[in-house]
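Chain and residue survey
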Amino acid sequence: AELPSLDAGYRDAVASFGRGVPLTIPGVRDELRKLAVAIPLGLVPGSAAEEEHEGRHALYLPTPARLTWLTTLPRRAMFQAALAQIPLRDGEPHAWLELRVTSLATGQRLEAALPVRPAPWPRGATPPWEEVRVDLAALAGQRVRLELVSRLGEDATAVPAAGIAHLLVASPAVTGLPRADRPARPNVLWVNIDTVQAAVTGAARDGRSVTPLLDQLGRQGATFLRAYGAADWTRPSNMSFLTGLYPSETGMKVGMIPTLTEERRAYYLSDIVALPLHLSRHGYQTRAIVQNNLLEDVWGTGVDVGFGTYSYVEETFDHSSRITAAAIRFFAEHRDEAWFLYLGYNAPHWPYRPTREALAQVGFAGEPPDRWLETLYRAEVRLSDDQLGPLLLSLQNLGLERETLVVVNSDHGEQLSLAQAREIVRESMWETDLPTRVVTRPGHETLVEEVCRVPLVLSLPGRIPPGVEVPDPVAMYDLPPTILDLVGVEPLPQGRGRSLRPLLEGRSLPVVPL
């Protein structure tokens, strides 16, 4: 799995990709070890309207090269991928790809030429991916050999040029309708709101919730009153609830930013299959849109958990609406496919700068200094709760409400008690011109109840009864087996978690020793 020669060969190309974008080869995904290298590729920001960093996971094909898969095509089969050529030097020759799909039974063949033009990626430019779709319906239902062949030249008629070209094929997939004898599987919308205590939501049952939309979703489905995260900060907690393992079992150490070489090696050489990768193998389109870049293997802060496309949006609450807008576009673009969309909102995280409107919504009335911090935090949580409205309304308008499992949780809470304060800092508390105050800075570096107990709500009309309240203690690493059970996909090959579906149906779970 060590590829020092390739890594060294591309290290000098980093500068051409723009701000803060490493191009590394940390390892080889298990299914690609004999085929190609999976390159977690972080791209430069998109248009000014988007202000996103987008990463796609791509197969690297030099020229000439050939990749071959054996598969059975579904009804209305369609091959899709995104293509790009990396010009590592001036005058690099053009290249093109040929798609060949051959029936193993009859020998019938479909062919398509997929031209790829070298395009530099200057700072601030839109990534030059060329989206391609090829109709394979003529061979639907047949066992086929699918080949991607890379060649030099602008097209099939050109005389091959000398040299080598560098092609990327992002998220190649064959999509289509499921077998007639298999029911359609629900979509999965997972909304993770960073740094939310269960105590400020309806799970506290104290009448002081600042999350009316989350609470309403819980009344339509299930609210877990005692849900606990596996760690006190984002990356290990996310790794736990995306793999069903303890954080330590994923190879990730606590408190290391960015990931260490030994952590990445341990993860990539393991047999761990994260939930996004598992769902993609079962026909789901997978995407993440987040405000915290500690999860994915982009910028060296995480590891590849298998999302087909990964987008990072600036980490301030006023950018949260961009995550929501991108999600709504995703719903519309993939309404006829099974999909898994993970949204990571970061607004409740320190520093707190809520709007005046949000402060009014949580009852700001000139609290004494020892309560200002809590008020600011509650206002930030309320701002994030507001994002649920457009998401759920869009699902309803598209007719996807009853076809989508919605999961809302947090990776960890926040420690607001003065007794546990880390430090005293002088911080401008609002985006407005209100005076600067001396406040206690919050944190989440300890495993106290404020930090570990988090909200968890599940909704899937027709499969999860409305108004379920679960008082049993549950863990976030129970989510992968629960999600897979509810959507009808086989369990992950690893995991400590167990499906919580019996609790949703009024049954109990067996006691599991620690």
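Just so we're clear, the structure is a prediction, and the values are computed from it rather than from any experiment.

**Considerations on the confidence of the model for the protein chain**
On average, residues of the protein chain score 77 in pLDDT, and 72% of them are at 70 or above. In this model, residues 1–51 is a region of pLDDT below 50 whose contacts with residues beyond four sequence positions or in other chains number 124 contacts. Confidence drops under a pLDDT of 50 for residues 422–439, and excluding neighbours within four residues, the segment shows 48 contacts in the predicted structure.

**Quick look at the sheet that holds strand β5 (residues 95–103)**
One open sheet accounts for 4 strands, arranged β3-β8-β5-β6; its pairing is antiparallel. The open sheet has two edge strands with one neighbour each: β3 (65–72) and β6 (109–116). Each strand of the sheet is rotated relative to its neighbour by a mean of 15°, with strand direction disregarded.

**Things to note about the pattern of salt bridges**
By the definition in use, this model includes 13 salt bridges. A salt bridge links E469 to R205; its shortest N-O distance comes to 2.4 Å. Here E469 is found in strand β20 (residues 468–475), whereas its partner R205 is found in the loop between β10 (187–193) and α2 (212–220), with 264 residues between them in sequence. Taking the relative accessible area as the measure of exposure, E469 reaches 45% and is therefore partly exposed. Three or more residues joined by partner-sharing salt bridges are found here, namely D485, R501, E505 and R507.

**Quick notes on helix α4 (residues 261–268)**
Residues of α4 that are buried include every one of E263, R264, Y267 and Y268, and no others. Burial along α4 is one-sided: seen end-on, the buried residues are contained in an arc of 120°.

**As for the packing of aromatic side chains**
Tallied over the entire structure, the rule returns 9 aromatic pairs. Aromatic side chains Y246 and Y477 sit 5.4 Å apart centroid to centroid with 80° between the ring planes, which places their arrangement in the edge-to-face category. Of the two residues, Y246 sits in the loop between α3 (234–243) and α4 while Y477 sits in the loop between β20 and α11 (479–487), which places them 231 residues apart along the sequence. Summarising the aromatic geometry, the rings of F330 and W339 are spaced 5.7 Å apart at their centres and angled 85° between planes, so their arrangement reads as edge-to-face. The residues F330 and W339 share a single accessibility class, namely buried.

**A few points about α2**
Restricting attention to buried positions, one finds in α2 the residues L214, D215, L217 and G218. Buried residues of α2, viewed axially, fall in a sector of 155°; they line one side.

**Some details on the pairing of strand β19 (residues 456–459)**
Burial along β19 is two-sided: the residues L456 and L458 and V457 and S459 are all buried. One ladder, built from 2 bridges, connects strand β11 (residues 222–228) with β19; its direction is antiparallel. Paired with A222 across the strands is L458, a residue of β19. Bridge count for strand β15 (residues 404–409) against β19 is 4 bridges, and the pairing is antiparallel. Note on β19: the bridge partner recorded for V407 is L458.

**Thoughts on the side chain of S499**
Relative to the elements of secondary structure, S499 occurs in the loop between α11 and α12 (501–504). A relative accessible area of 18% means that S499 is categorised as buried. A distance of 3.2 Å separates the side chain of S499 from the backbone nitrogen of R501, its partner in a polar contact. Aside from chain neighbours lying at most four places away, what touches S499 is P481, T482, D485 and L509.

Procedures and definitions
- Residues numbered from 1 in each chain as written.
- Predicted model: local features only at pLDDT ≥ 70, side-chain atom pairs only at ≥ 80, totals over all residues.
- Heavy atoms only, no water.
- pLDDT = per-residue confidence, 0-100.
- Contact = heavy atoms within 4.5 Å.
- Pairing = 2+ DSSP bridges.
- Helix = DSSP H or I, 4+ residues; strand = E, 2+ residues; numbered from the N terminus.
- Axes fitted to C-alpha atoms, helices over the stretch in contact; angles between N-to-C directions.
- Salt bridge = Lys/Arg side-chain N within 4 Å of Asp/Glu carboxyl O.
- Buried < 20%, exposed > 50% of the residue type's maximum accessible area, 1.4 Å probe, protein only.
- Arc of directions from axis to C-beta.
- Phe/Tyr/Trp six-rings, centres within 6.5 Å; stacked < 30°, edge-to-face > 60°.
- Polar contact = N/O pair within 3.5 Å; in protein donor to acceptor, adjacent residues only side chain to side chain.

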